[in-house]
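Observations on the three-dimensional arrangement
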Amino acid sequence: MVVELCLHYNCTVEIELGAESEWGQVYPNGSSDGLIGNLIHRRAEVAMAAIFRCLWLVVAISFCVGTIAVYITERQRQLLIESAGSEQRYRLSDAFFFMAGLYVEQSVPLHNDFLAIAILLAFLLFGGFMISNSYAGALSSIMTIPRYEKVIETTADVASSGLKLVGGTILWIASLDMTEQPVLVSIRDNFRVYDVDTLTRFVHTRRDLGFMLERMQYGSYALESFIDTPLLYG
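Residues numbered from 1 in each chain as written. Predicted model: local features only at pLDDT ≥ 70, side-chain atom pairs only at ≥ 80, totals over all residues. Heavy atoms only, no water.

**Let's talk about the overall build of the protein**
Applicable threshold: Only DSSP runs of H or I covering at least 4 residues are called helices, and only runs of E covering at least 2 are called strands; the numbering of each starts at the N terminus. Only protein chains enter the area calculation, which uses a 1.4 Å probe; residues under 20% of their type maximum are buried, those over 50% are exposed, and those in between are partly exposed. Contacts were defined at the residue level, with two residues in contact if any of their heavy atoms lie within 4.5 Å. Values of accessible area rely on a 1.4 Å probe in the Shrake-Rupley scheme; residue burial ignores everything except the protein chains shown.
Broken down by element type, the protein carries nine helices and five strands. In the protein, which comprises 234 residues, the share counted as buried stands at 23%. Taking the intrachain contacts of the protein between residues at least 6 apart in sequence as the baseline, contacts between residues at least 24 apart amount to 52%. By element, 61% of the accessible surface of the protein is carried by carbon and sulfur atoms, the whole surface being about 17700 Å².

This is the structure:
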């Protein structure tokens, strides 16, 4: 949906996975966190999530209720129109496998000679379609959409990412020499110094390194000599 919107209005999509923050909430002091906090603080324009726990709870309840309803309906049908011994007694396990087959879009036998049975079958078919389509959609998204890495936005993210920072001089981290903060200590210890030729080669071959750039006063960056123009534009 977002992709189609951007195609229509000529905008770009930047995806940030925030699975750890969950929905979030707004607190009495005005602060907020999670997906709701991202929207309030304008860190994101659109937030999407799924209620997986509630969804699967509803699916389980629907499955159990459907199984019991099928069992009761079939047993009553046998008692009403069939003599004892003319057909094998309908068991609860039969109803269980009937519902399981319905939820995975398999053909299932169910008599429709009573209006109540036909109505029950119609409701169960709609429920089975929704469950199977949800499963198929989730499976397709996992198999076709690339899994993006978590966005690095803070110094804590840099430290926890395991990236080694590299630069052309030790002066990049001179201000961290006396620091005792664990996050900054981790960044300082992971810093490596290389010459320009080595950095030029690493820019195109190493994806496990972070390269030091100077951010100017109004948000622009001063590019080092080992960063070439083709690299900036992909």
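This is not the end of the story, as more comes after the structure.
**A word on the packing of aromatic side chains**
Given two aromatic rings, their pairing is described by the distance between the two centres and the angle made by the two planes. Test applied: Any Phe, Tyr or Trp ring, taking Trp's six-membered ring, that has another such ring centre within 6.5 Å forms a pair; planes under 30 degrees apart are called stacked, those over 60 apart edge-to-face, and the others tilted. By definition, being over a ring means that NZ of Lys or CZ of Arg is both within 6 Å of the ring centre and within 35 degrees of the ring normal.
Taken as a whole and judged by the stated rule, the model has three aromatic pairs. The structure contains a cluster of three or more aromatic residues connected by ring pairs, namely F63, F96 and F97. Seen from the ring of F202, R206 lies directly overhead, with NZ or CZ sitting 4.9 Å from the centre.

**Observations regarding the sheet that holds strand 3 (residues 209-211)**
Spelled out, the test is: At least two bridges found by DSSP between two strands are what make those strands a pair. To define axes, lines are fitted to C-alpha atoms, for helices over the stretch in contact only, and angles between the resulting N-to-C directions are given on a 0 to 180 degree scale.
If you trace the three strands from one edge of the open sheet to the other, you get 2-1-3, paired in parallel fashion. On the outer flanks of this sheet lie strand 2 (192-193) and strand 3, each paired with one strand and no other. Taken together, the two bridges between strand 1 (residues 164-167) and strand 2 define a ladder with parallel strand orientation. Looking at strand 2, one finds that V166 is bridged to R192. Its contacts with the sheet place helix 8 (residues 196-205) against strand 1 and strand 3, and it is angled at close to 120° to strand 3.

**Examining the nonpolar core**
In a soluble, globular protein the nonpolar side chains are often hidden away together inside. The condition is simple: Residues belong to a common nonpolar core when they are buried Ala, Val, Leu, Ile, Met, Phe, Trp, Tyr or Cys residues joined through side-chain atoms within 4.5 Å.
Residues V59, F63, V70, Y90, A95, F98, M99, L102, Y103, L120, L121 and L124 constitute the largest nonpolar core, which totals 12 residues. Elements supplying a minimum of two residues to this core: helix 3 (52-81), helix 4 (92-103) and helix 5 (115-144). No other element matches the five residues that helix 4 contributes to this core. Ignoring anything within four residues of it in the chain, the contact list for A95 reads T67, V70, Y71 and Y90. By size, the runner-up hydrophobic cluster in this structure holds nine residues, among which are V158, L176, L184 and I187.

**Considerations on the pattern of salt bridges**
The following threshold applies: One speaks of a salt bridge when a side-chain nitrogen belonging to Lys or Arg is within 4 Å of a carboxyl oxygen belonging to Asp or Glu.
Across all of its chains, the model carries two salt bridges by this definition. Across the salt bridge formed by R91 and D94, the nearest N and O atoms sit 3.5 Å from each other. The class for R91 is partly exposed, based on a relative accessible area of 43%. On the basis of relative accessible area, D94 is assigned to the partly exposed category, the value being 26%.

**Details of the side chain of T67**
For clarity, the cut-off: For the purposes of these results, a polar contact is taken to be a pair of N or O atoms within 3.5 Å, where, inside protein, one atom must be able to donate a hydrogen and its partner to accept one; residues adjacent in sequence count only when each atom of the pair is a side-chain atom.
Within the fold, T67 resides in helix 3. T67 sits in the buried class, given a relative accessible area of 7%. A polar contact of 2.8 Å, which involves the side chain of T67, links it to the backbone oxygen of F63. Here T67 is in contact with L92, A95, F96 and M99, once residues within four sequence places are set aside.

**Side note on the pairing of strand 1**
With three bridges joining them, strand 1 and strand 3 adopt parallel strand pairing. Looking at the pairing, K164 lines up with L209 of strand 3.

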